[in-house]
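# Breakdown of the fold
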Amino acid sequence: MTTALQFDIAHLLAGSLVLVSFMLLYQARMYALLNLFALHAVVLSLSVAWQAYIQDAPHLYVTAVIALGFKGVLIPVALHRIVQQLHIHRAIEPVVGVGLTMLIGIGLVALSIGAVIPVTVASDSLAREDLAFALAVILLGLLMMVSRHNAVSQVIGFMSLENGLVLAATGAKGMPLVVEISVAFSILIAFIVIGIFLFRIRERFDTVDLRAMDEFRGERR
Amino acid sequence: MSIAGHLLGGVLVIPAVAALLLAIIPGYRVSAQLNVLASLLTFVSSVALLRERPEPGLYLIVDDVNVVFIVLSTLVGFTTSVFSAGYIAHELEVGRLTPVTLRFYHAMYQGLMAAMNLALVANNVGLMWVAVEIATLTTVLMVGIYRTHEALEAAWKYFILGSVGIAMALFGTIVVYLAAQAVVGEGPEAMAWTTLVRESGAFDPALLNLAFVFLLLGYGTKVGLAPLHAWLPDAHAEGPTPISAVLSGLLLNVALFALLRFKMVMAGNSESLAPGPLMVTMGLVSLLFAAFMLYRRADIKRLFAYSSIEHMGIIVFAFGMGGPLANFAGLLHMTLHSLTKSAIFFTVGYVAHAKGTQSIDKIRGLTHSHPALGWTLLLGTFAIAGMPPMGVFMSEFLLVSSTIARQPLLAVPLVVGLLVGFGALLGHALQMAFGEGTGEPSGRPLGYVPAFVHLGIVLVAGIYIPAPIVAWFQEVAALLG
């Protein structure tokens, strides 16, 4: 296989991840959001598997399998159940309007390309464009976390952000500890999801809307 | 393995094994004692590390920069475990904790110690990142342990903000690896501190700049620097008091330590942007913001949490100024702040128990109703506010005088921040210490020992610091650049 084709496929997969991140931004329904997140994880795992293949780094397949099994299947299923049990399937209230969010998102992608491409002239072109895409996914994840008030969609924003990090880590050729880091992240996410479930944020606060939690704070009224 | 290797292992393995044991043992008295014993053993092996150092490996290292952090960290870990044993018994009595949550608490406490020690001795930036993440997780779980509205909210907020910070730090770490990989080749070598610091002159400066911005934001969130501090007061106020002491005294230091290591990498590269101005700005903003916020606090633990933000600001400012004197002041301040702040939280824990509230307005006349408590709280507040002859005054004085000598204009906001914070803390403390006393008098003299030990060290440090310690501080200050 020619290097050009290898490059194109890696590029395509990383680009699709950015695209799915954009789609996450404007979802109005909880179940659709969960399904899209599963798609996000599947695209990530394909991308990681492709990197494992072209870099000839078998340990990255482990990361790909974790991404697919844990974030592509297990977490979405668990969140589905939470959404069902807490009856929050309709409730997504974006803080900022969809149009504005998308515009900010486009700005963030431009920013990450503008920030990464000029400083990575010395690195090989695959790593630098991967890094630019990864930063775009990270920033879009952050945008999603600040533009949603609801705990479940904030968690999804965080997980998509984390997918961007895994993309960046696998794109950095020969980086050690990638598998360990992705395992550590999975533990973190598992804790978050278990946390929502165990603490029954809805039960405690009547709503998973984080604004409601803010009111309990003693000093800022 | 050499003796030194065993000692290094001890710092990591003792707390890890203790965490597992404590998760199994049911009786709270036994586990509180085991918690103290494990912390003591960890402290002893860390002190022994001062004399015997293992050869630096690819993953673990003990060098001049981290060894005293390890000793400080395990010392405060030990004294806090002593305080915690008494504190927790009371929590169990009043029913805020159950035997099951207590078992969980002790296991998490040792887990946190293991993670923090790992972060300090890691010679690999990736390993250090994983350790800081685990430390964050354990503290999140402990902050939420009371399961009240406020505690859950605080834990959630800490979780989300801490995770974002940690994600940023990982991105920065990956970019540092990319910069190193181009020079030293692929593999663990390119993530080792020792290699990074040695070879950083040849790294691509633009990549280093990008990395440092993310690292500063990421680890800066964990340090509690001003625009990113939102989790800190809540987490301190709603968690158990021993955890507030450990958070302020240790975890903030660990995150700052990570920043310092990366600053050393930046300093080795002459073409990359100087990290100084960024750190000076963030430090000053934190200091001024927190100093003004101190006035309107209504909750005693929140008050001292804001004071932690203030002091982290001072320390980051000092390291941002750089140079032997400011770095020296920064290191000294970091050490003394850890000791003083944890002593204050020990006292605050007893105050909250004695008065049954954390609300500043309801705490009055402490020196009448609980003389020992009242005077200890006053002494601690004097120390943290920077009253001579306490040690914190020394480090602040050093910092101010070195700033005046080099950048007189920067000294103005620094001094303003210090004075504003001083007034606020003193005002609140005097209010609580004097006036009509409330609450039943009670004595628990043994419980004050950890606080007295800390404040004693801080007082002595203000008058006389032994020459070997000064020499060590100077050496590290020179390394920090």
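Everything below is about the structure shown above.
Because the structure is predicted, anything quoted here is derived from the model rather than measured. (Residues numbered from 1 in each chain as written. Chains lettered and ligands numbered in written order. Predicted model: local features only at pLDDT ≥ 70, side-chain atom pairs only at ≥ 80, totals over all residues.)

### Examining the overall build of chain B
When you go through chain B residue by residue, the secondary structure sums to 19 helices and 0 strands. Computed over its C-alpha atoms, the radius of gyration of chain B comes to 21 Å, within 12% of the 23 Å expected for a compact globule of 481 residues. Dimensions of chain B, computed from the C-alpha atoms along their principal axes, are close to 65 × 55 × 45 Å. Split into buried and exposed, the 481 residues of chain B put 62% on the buried side. Contacts in chain B between residues far apart in sequence, at least 24 positions, make up 81% of those at least 6 positions apart. (Helix = DSSP H or I, 4+ residues; strand = E, 2+ residues; numbered from the N terminus. Rg over C-alpha atoms; globule rule 2.2 N^0.38 Å. Buried ≥ 20, exposed ≤ 12 C-beta atoms within 10 Å, placed from the backbone. Contact = placed C-beta atoms within 7 Å.)

### Considerations on the overall build of chain A
Of regular secondary structure, chain A possesses 9 helices and 0 strands. In sequence order, the secondary structure elements of chain A are arranged as α-α-α-α-α-α-α-α-α. Out of the 221 residues belonging to chain A, those deemed buried represent 45%. Considering only contacts within chain A whose residues lie at least 6 apart along the sequence, 72% involve residues at least 24 apart.

### Overview of unusual backbone geometry
For residues besides glycine, phi is generally negative; the peptide bonds are generally trans as well. With omega at 5°, the peptide bond leading from B:Pro388 into B:Pro389 counts as cis. For A:Leu177, which is not a glycine, the phi torsion comes out positive at approximately 70°. As for its position among the elements, A:Leu177 is in the loop between α6 (151-171) and α7 (178-199). One non-glycine residue with positive phi stands out, namely B:Arg147, at about 60°.

### A look at the interface of chain B and chain A
Taken together, the 32 residues of chain B in the interface contact 34 residues of chain A. Counting only elements with at least two residues in the side of chain B that touches chain A, the list comes to α5 (125-143), α6 (149-184) and α8 (205-223) of chain B. The element contributing the most residues to the side of chain B that touches chain A is α6(B), with 17 residues.

### With respect to the nonpolar core
Residue and element names in this part refer to chain B. Membership of the largest hydrophobic core comes to 250 residues, with the highest contact counts inside it found for Ala 119, Ala 131 and Val 254. Looking at this core element by element, the count peaks at 23 residues for α6. Once you skip the residues sitting within four places of it in the chain, Val 254 turns out to touch Met 116, Ala 119, Leu 120, Val 132 and Ala 135. (Core = buried A, V, L, I, M, F, W, Y, C linked by C-beta atoms within 7 Å.)

### Some points on the packing of helix α3 (residues 64-93) of chain B against helix α13 (residues 323-355) of chain B
Residues and elements named next belong to chain B. Between α3 and α13, the shortest axis-to-axis distance is 11 Å and the interhelical angle comes to 0°. It follows that α3 is roughly parallel to α13 by the angle criterion. In this structure, α3 uses Leu 72, Val 76, Thr 80, Phe 83, Tyr 87 and His 90 to contact α13, whose residues at the interface are Thr 335, Ser 338, Ser 342, Phe 346, Gly 349 and His 353. The residue makeup of the contact of α3 with α13, split by class, is 5 nonpolar, 7 polar and no charged. (Axes fitted to C-alpha atoms, helices over the stretch in contact; angles between N-to-C directions. Parallel < 35°, antiparallel > 145°, perpendicular 65-115°, else oblique. Nonpolar A, V, L, I, M, F, W, Y, C, P; charged D, E, K, R; others polar.)

### Some words on the packing of helix α10 (residues 241-267) of chain B against α13(B)
Residue and element names in this part refer to chain B. Following both chains from N to C, one finds α10 and α13 inclined at 165°, their axes separated by 7 Å at the closest point. Between α10 and α13, the angle is such that the two are roughly antiparallel. Our pair here, α10 against α13, has a crossing hand that is right-handed. On α13, the residues touching Thr 241, Ser 244, Ala 245, Ser 248, Gly 249, Leu 250, Asn 253 and Leu 256 of α10 are Met 334, Ser 338, Lys 341, Ser 342, Phe 345, Phe 346, Val 348, Gly 349 and Ala 352. In the contact of α10 with α13, the residues fall into 8 nonpolar, 8 polar and 1 charged. (Left-handed = near helix turned anticlockwise from the far one by under 90°.)

### Some words on the environment of B:Leu12
Along the chain, B:Leu12 falls in helix α1 (residues 3-24). In this view, B:Leu12 contacts B:Ala114, B:Asn117 and B:Leu118; residues no more than four positions away in its chain are not counted.

### Some words on the environment of A:Ile75
Residues and elements named next belong to chain A. On the secondary structure map, Ile 75 appears in helix α3 (residues 59-86). Under the C-beta neighbour-count criterion, Ile 75 is labelled buried, with 23 such atoms within 10 Å. Note: C-alpha distance between Ile 75 and Val 193 (118 residues apart in sequence) is 7.8 Å. Apart from residues lying up to four places away in sequence, Ile 75 is in contact with Phe 70, Ile 189 and Val 193.

Spatial relationships are all this shows, so hold off on functional conclusions.
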